[in-house]
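# Overview (structure and organization)
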Amino acid sequence: MQYQGGGLVKTVQFRTPKYIGDPINAVKIFNEKEVDELAFIDIEATRLGKEPDYNKIDGIASECFMPMAYGGGIKTLEQIKRIFDIGVEKVIINTSAYQNPKLLTEAASIYGKQSIVVSIDIKKNLFGKYRVYINSGRFLVNENPVDYAKRMENAGAGELIITSIKHEGCFTGYDIDLLKSITSAVRIPVVANGGASKVEDTLDAVLLGGAAAVAAGSLFVFKSENRGVLINYPTQKELTEKVYQKINYF
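The paragraphs below set out a description of the structure included in this document. Given the structure is predicted, the values throughout are model-derived calculations rather than measurements. (Residues numbered from 1 in each chain as written. Predicted model: local features only at pLDDT ≥ 70, side-chain atom pairs only at ≥ 80, totals over all residues. Heavy atoms only, no water.)

### Topic: the environment of lysine 124
- With respect to the secondary-structure elements, lysine 124 resides in strand 7 (residues 116-124).
- For the pair lysine 124 and serine 164, spaced 40 residues apart in sequence, the C-alpha to C-alpha distance is 9.1 Å.
- Setting aside anything within four residues of it in sequence, one finds lysine 124 in contact with Lys129 and Tyr130. (Helix = DSSP H or I, 4+ residues; strand = E, 2+ residues; numbered from the N terminus. Contact = heavy atoms within 4.5 Å.)

As structure tokens, then:
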């Protein structure tokens, strides 16, 4: 989930954040719906050069009944320690992973690779080549995502979140080709993000794209593509039925 200024928001292609509501209220709803894991990303911390909002993180973590990850504004081992001391299970690092890969190595040696997640944001350039972007998609890293993903793995990342900027918030499904190219090149879990419009899309990301898990925002906070706010999540029964249907289809 994305937030800025203390409020929960949702973007489209990393732009035009729409206010969703209070993060604590959203957490309570997701608790009731037995969500597997929540990731909270402060989308303005890095851009504004801000420290992580530890009070806000603490408030969210204290209400969260499932594993929680946090990302945004993380630059130092001291910040990572403080976040883990609050009770957060994972940190998500994007811009600093590129600027200072040594941070991943040091953090992984202290807390274990399973706690260190690198978020990689990707879109195609004018020549149709996938390229990596940092700082909420604002700055181009002129590097192939596959090579970049392998470099992050070698630096100490224990998990990767792959976001297609073009698909993010657009209800167009995950970028399966992009996922396949990365999942086939690394040995660590890859989480697909960006584009889910229905539960079947999440299954495609796993079965076709090779993802170990999936993340979604708009699918779980909007009623439809018209973007009326309605925080929701499929029941375990619904998820199980969809899985069986998809497996039988294959």
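### Topic: the pairing of strand 5 (residues 68-71)
- Along strand 5, one buried face is formed by Met68 and Tyr70 and the opposite face, lined by Ala69 and Gly71, is buried too.
- In terms of strand pairing, strand 4 (residues 38-42) meets strand 5 through four bridges, oriented parallel. Looking at strand 5, one finds that alanine 39 is bridged to alanine 69.
- Alignment of strand 5 against strand 6 (residues 90-93), held across three bridges, turns out to be parallel. Paired with glycine 71 across the two strands is isoleucine 92, which belongs to strand 6. (Buried < 20%, exposed > 50% of the residue type's maximum accessible area, 1.4 Å probe, protein only. Pairing = 2+ DSSP bridges.)

### Focus: the side chain of asparagine 135
- Take asparagine 135: it is sitting in the loop between strand 8 (130-134) and strand 9 (139-141).
- Ignoring anything within four residues of it in the chain, the contact list for asparagine 135 reads Thr46, Arg47, Asn94 and Thr95.

### Re the nonpolar core
- In this structure, Phe40, Ile93, Ile120, Met152, Leu160, Ile162 and Ile182 are the most contacted members of the largest nonpolar core, which totals 61 residues.
- Per-element accounting of this core gives the leading share, five residues, to helix 7 (residues 145-155).
- Residues contacting phenylalanine 40, with those up to four places away along its chain left out, are Met1, Tyr3, Leu8, Pro23, Val27, Ile60, Met68, Ala69, Tyr70 and Gly71.
- Counting residues in each nonpolar core, the second largest holds five residues, with Ala69, Ile92, Val117 and Val191 among its members. (Core = buried A, V, L, I, M, F, W, Y, C linked by side-chain atoms within 4.5 Å.)

### Details of a nonpolar patch on the surface
- A contiguous nonpolar surface patch, about 280 Å² in accessible area, is contributed by Val206, Leu207, Leu208 and Val214.
- Looking at where leucine 208 falls in the secondary structure, it is placed in the loop between helix 9 (199-207) and strand 12 (213-214).
- On the accessibility criterion, leucine 208 (40% relative accessible area) is partly exposed. (Patch = residues over 30% accessible without salt bridge, like charges linked within 9 Å, V, L, I, M, F, W, Y side chains within 5 Å. Areas by Shrake-Rupley, 256 points an atom, 1.4 Å probe, with all protein chains shown as cover. Salt bridge = Lys/Arg side-chain N within 4 Å of Asp/Glu carboxyl O.)

### Concerning the environment of alanine 97
- The topology assignment puts alanine 97 in helix 5 (residues 95-99).
- Assessed through its relative accessible area of 0%, alanine 97 is described here as buried.
- Leaving out residues up to four positions away in the same chain, alanine 97 has contacts with Leu104, Val118, Tyr148 and Met152.

### A look at the packing of helix 1 (residues 23-32) against helix 3 (residues 54-63)
- Direction vectors running N to C along helix 1 and helix 3 enclose 20°, while the axes themselves pass 9 Å from each other. Put simply, helix 1 runs roughly parallel to helix 3. Along this stretch, helix 1 crosses helix 3, giving a crossing that reads as right-handed. On helix 3, the residues that touch Pro23, Ile24, Val27, Lys28 and Asn31 of helix 1 are Gly59, Ile60 and Glu63.
- The class makeup of the residues in the contact of helix 1 with helix 3 is four nonpolar, two polar and two charged. (Axes fitted to C-alpha atoms, helices over the stretch in contact; angles between N-to-C directions. Parallel < 35°, antiparallel > 145°, perpendicular 65-115°, else oblique. Left-handed = near helix turned anticlockwise from the far one by under 90°. Nonpolar A, V, L, I, M, F, W, Y, C, P; charged D, E, K, R; others polar.)

### Points about helix 6 (residues 102-111)
- Among all positions of helix 6, only Leu103, Leu104, Ala107 and Ala108 are buried. In an axial view of helix 6, the angular spread of the buried residues amounts to 125°, which keeps them on one side of the axis. Those residues of helix 6 that are exposed and aimed more than 90 degrees away from the buried face are Lys102, Ser109 and Ile110.
- Close packing links the buried residues of helix 6 with helix 4 (77-86), strand 6, helix 5, strand 7 and helix 7.
- Downstream of helix 6 by a residue or two, glycine 112 has a phi angle that is positive, lying close to 95°. (Arc of directions from axis to C-beta.)

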